[in-house]
Each structure stands twice: as C-alpha cells, then as structure tokens.
Amino acid sequence: MPYETNITATPSPRNSRLLALLGIFDIKYLLLLPHLIILALIFPIWLIGRWIGYWIVLFTGRMPGGLWEFMVGYQRWTMRVILWNAGITDRYPPFTFGSEV
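One structure accompanies this document, and this report is about it. (Residues numbered from 1 in each chain as written. Predicted model: local features only at pLDDT ≥ 70, side-chain atom pairs only at ≥ 80, totals over all residues. Heavy atoms only, no water.)

## Section: the packing of aromatic side chains
Then step 1. What the rule picks out here adds up to nine aromatic pairs.
Then step 2. Aromatic side chains Phe43 and Tyr74 sit 6.4 Å apart centroid to centroid with 40 degrees between the ring planes, which places their arrangement in the tilted category. In this pair, Phe43 is assigned in helix α3 (residues 33–60) and Tyr74 in helix α4 (residues 65–86), connecting sequence segments 31 residues apart.
Then step 3. Pairing Trp77 with Phe97 gives two aromatic rings, centres 5.5 Å apart and planes at 80 degrees, and the pair type is edge-to-face. Of the two residues, Trp77 is situated in helix α4 and Phe97 in the segment after α4; the sequence distance between them amounts to 20 residues.
Then step 4. Cluster of aromatic residues (ring-pair linked, three or more members): Phe70, Trp77, Phe95 and Phe97.
Then step 5. Over the face of the ring belonging to Trp84 we find Lys28, whose NZ or CZ atom lies 4.5 Å from the ring centre. (Phe/Tyr/Trp six-rings, centres within 6.5 Å; stacked < 30°, edge-to-face > 60°. Helix = DSSP H or I, 4+ residues; strand = E, 2+ residues; numbered from the N terminus. Lys NZ or Arg CZ within 6 Å of the ring centre and 35° of its normal.)

Encoded structure:
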C-alpha cells in the first residue's frame, strides 16, 4: 500500500523581517541548536530502526505501526526544522514527532 506525502506551506501575506535578517547572517542556526542536538541524538536510533524495519518487512511484508510512526515522525520533525531555517515558514518548529502542528 503506497503512502502519500503532502507538504502544505501557505504563503503568509507578510514575512518576518527580523527572521530574514537572522537568516542572512546564519544566526537562525543558533536558534535551532536545541532541535539540531535532539535530532542528532535520535538519528542513530532512527538508523537502527530503519535497518530493523527492512528485516521485518523482508520476512513479514509489513512495517510495524509503532516503528512506522517513529520513522515518519522523525522525518516530519526534520522537515519542519529545514522549512523554518529556509524561511518557508515563520512558525518556529515544535519539539514533537506528531503531525498535528
């Protein structure tokens, strides 16, 4: 069963000039340090989960729901951080795996 991926970013009528200035001088990375540290700590677990998931799918043909949620949640969190850093959105990313943002 294929899984669809949707990324929705609504352009705001007016973007933050302060965030644009911080982005020009790469200061936004300092604001993202808590996210980057946590994501870096979780990344090895994500890699191990991915490897285990391949084996489970190889033998059962299905990815366990909890493992799938963890894998997708990590990708969601990472994408929110990337989009904020790139200036696509002005909303600071939450510290969560969930899709309800």
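## A few points about the environment of Leu36
Then step 1. Checked against the element boundaries, Leu36 lands in helix α3.
Then step 2. A C-alpha to C-alpha distance of 8.8 Å links Leu36 and Thr78, two positions 42 residues apart in sequence.
Then step 3. With near-sequence residues (within four places) excluded, Leu36 lies in contact with Tyr29 and Val81. (Contact = heavy atoms within 4.5 Å.)

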